[in-house]
Amino acid sequence: PSGDLSKLEPGCGSGEVLESEDKSYLGIFIAGMVGGLLALLTPCVFPMIPLTVSFFTKRSPTRSKGIANALIYSVSIILIYVSLGFLVTVTLGSDALNAMASNVFFNMLFFVIFFIFALSFFGAFEITLPASWVNKADQQSDKGGLVGIFFMAFTLSLVSFSCTGPIIGTLLVEAAHGNSYIGPIAGMTGFALALALPFGLFAAFPGWLNSLPKSGGWLNSVKVVLGFLELALALKFFSNVDLAYHWGLLQREIFISLWIVIFGLMGLYLLGKIKFSHDSDMQYLGTGRLIVAILSLTFTIYLIPGLWGAPLRLISGFPPPEFYKEWVQTEGGGEHCPHNLNCYHDYEAGMAYAKQVGKPVMIDFTGWSCVNCRKMEDNVWSQPQILKFLSDDYVLISLYVDDKTPLPEEQQYVSSFTGKKIKTTGQKWSDLQSRIYKTNSQPYYILLDNEGILLAPPRGYTPEMDIYKQFLEEGICRYKNRKN
């Protein structure tokens, strides 16, 4: 295949490459802020807001000095958590983080970790850092000036680890599913900003502290709800491995059934029908609790039709693909294609068929663990105009870069691009994408004629249906021009 853009003839389209990385980073940043807001409502962090702000306002000789100290405290929190995100990416490397998305060891490790986090939030045990770490940080916080304020923020980070640790772990793992250092840093920036913002605001307007709800049993309820969410996310990591190795243990209907049970139990818990050991007696049902219970049970009912084939676009990318079902499994482990399209999973076979029928080709560099790939298939490919292009005008070649099927010994080779030995089908297609197109992100769409020559600039994640349609039209236009 060719990646040479210079051979594209004018007159068929804008010729612009859609850049979607900025949107992805913005999404990670927003997800981080949501995680930070959730962390604020945990019993490890929430009670610290009035205590910390009151400490600064009483310790400082003037109100402006108290505000300045609280703001320094907030900035210190941001620096600590962003540094953590940077440390993770520098230590492991962006390539290693990207490999986690399909690596059996890391995914199974994350599955176990998230399961343990869920049990911790359910009250089975507490995850805490060594007491000596907390004591040393607390001793340093007694110093005056900027150093003392920084170590007060560091002490908060250590003390609150039992509540923030699972949220941070979830955020870093999800943000790591890319090939850039920026993802985890963007996520941790959003998390720390949401976590630190109340300290600065309440220091500036201390009267607001009177409007805060009192600490109590509702904080433990927040932890339990987060436990249900951690348990649901844990299944995603097990699913990644199951798909990549074609085990068939967690197919779509089983995954959805488990989510129905998890979110159904969460709704019943919020209504007071289920009680954990650390829960206090609930005398009445609060408005906020009722609203979240309604949302949880509504979501549970929404999931039920998915057992019989409903698309469930709201959660595209989390369950296994629609074609990975128990009753449609074929010999060889899920050779089906989205929307029953006639597609190929081998480049050479797909190109041979394209020459035979005289059609252009769309190469779909995808992955079993790729959330955005599933979103494209469920939300964009499913549109009638797009589906017609893919079924009638193109030969679809879907190449899974994380497929763990071993290559026969005689087909294994050492990559001229990375110098690594290529042993699996997924490594073969990942090497092809990296070597020809100089990128390793998915989804990635390439339009070629049946001689392997580029028809349009490649596209990444393109949730806008109109733009994706123009992309496909551009390829057809150039293909027809070349044939004429």
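Residues numbered from 1 in each chain as written. Predicted model: local features only at pLDDT ≥ 70, side-chain atom pairs only at ≥ 80, totals over all residues. Heavy atoms only, no water.

Draft legend 1. Examining the state of the cysteines more closely. For the structure shown, the criterion picks out 2 disulfides. Disulfide pairing is shown between Cys370 and Cys373; the S-S distance is 2.2 Å. The sign of the S-S torsion, about 80°, decides the handedness of the disulfide formed by Cys370 and Cys373: right-handed. The buried category is assigned to Cys370, whose relative accessible area is 10%. (Disulfide = S-S within 2.5 Å. Buried < 20%, exposed > 50% of the residue type's maximum accessible area, 1.4 Å probe, protein only.)

Draft legend 2. Region of the structure containing empty space enclosed by the protein. Inspection of the entire model under this criterion finds 1 cavity of 30 Å³ or more. Of the voids in this model, the largest cavity is the one considered here, and its volume is about 40 Å³. Lining the largest cavity are Arg252, Pro311, Leu312, Ile315, Ser316, Gly317, Pro319, Pro320, Arg374 and Asp378. Partitioning the lining of the largest cavity into residue classes produces 5 nonpolar, 2 polar and 3 charged. (1 Å grid on protein atoms, 1.4 Å probe; cavity = no way out; pocket = protein on both sides within 12 Å on 5 of 7 lines; lining within 4 Å. Points joined across faces, edges and corners; volume = space filled by probe spheres on them. Nonpolar A, V, L, I, M, F, W, Y, C, P; charged D, E, K, R; others polar.)

Draft legend 3. Expanded view of the environment of Leu250. With respect to the secondary-structure elements, Leu250 resides in the loop between α10 (217-245) and α11 (252-270). Placed 74 residues apart in sequence, Leu250 and Tyr324 show a C-alpha to C-alpha distance of 9.2 Å. Setting aside anything within four residues of it in sequence, one finds Leu250 in contact with Leu235, Phe238, Ser239, Asp242, Phe255, Leu258, Pro320 and Tyr324. (Helix = DSSP H or I, 4+ residues; strand = E, 2+ residues; numbered from the N terminus. Contact = heavy atoms within 4.5 Å.)

Draft legend 4. Spotlight on the pattern of salt bridges. Following the criterion strictly, the structure yields 6 salt bridges and no others. Of the charged contacts, one joins Asp431 and Arg435 as a salt bridge, the two residues approaching to 3.5 Å between their closest N and O atoms. With a gap of 4 residues between them, Asp431 and Arg435 both fall in helix α16 (residues 425-437), about one helical turn apart. Owing to a relative accessible area of 30%, Arg435 belongs among the partly exposed residues under this scheme. Among the salt bridges present, the one from Arg478 reaches Glu474, with a minimum N-O distance of 2.7 Å. Of this pair, Arg478 and Glu474 both sit in helix α17 (residues 465-483), 4 residues apart, which is roughly one turn of that helix. Like Glu474, Arg478 is buried. (Salt bridge = Lys/Arg side-chain N within 4 Å of Asp/Glu carboxyl O.)

Draft legend 5. Molecular detail of the packing of aromatic side chains. Within the structure shown, the criterion is met by 22 aromatic pairs. Summarising the aromatic geometry, the rings of Phe255 and Trp259 are spaced 5.2 Å apart at their centres and angled 35° between planes, so their arrangement reads as tilted. Placement of both Phe255 and Trp259 in helix α11 is noted, with a separation of 4 residues, approximately one turn of the helix. Owing to a relative accessible area of 0%, Phe255 belongs among the buried residues under this scheme. Relative accessible area serves as the criterion here: at 6%, Trp259 is assigned to the buried category. Feature note: the residues Phe255, Trp259, Phe263, Phe299, Tyr302 and Phe318 constitute an aromatic cluster, connected by ring pairs. The residue whose ring lies beneath Arg289 is Tyr269, and the NZ or CZ to ring-centre distance is 5.3 Å. (Phe/Tyr/Trp six-rings, centres within 6.5 Å; stacked < 30°, edge-to-face > 60°. Lys NZ or Arg CZ within 6 Å of the ring centre and 35° of its normal.)

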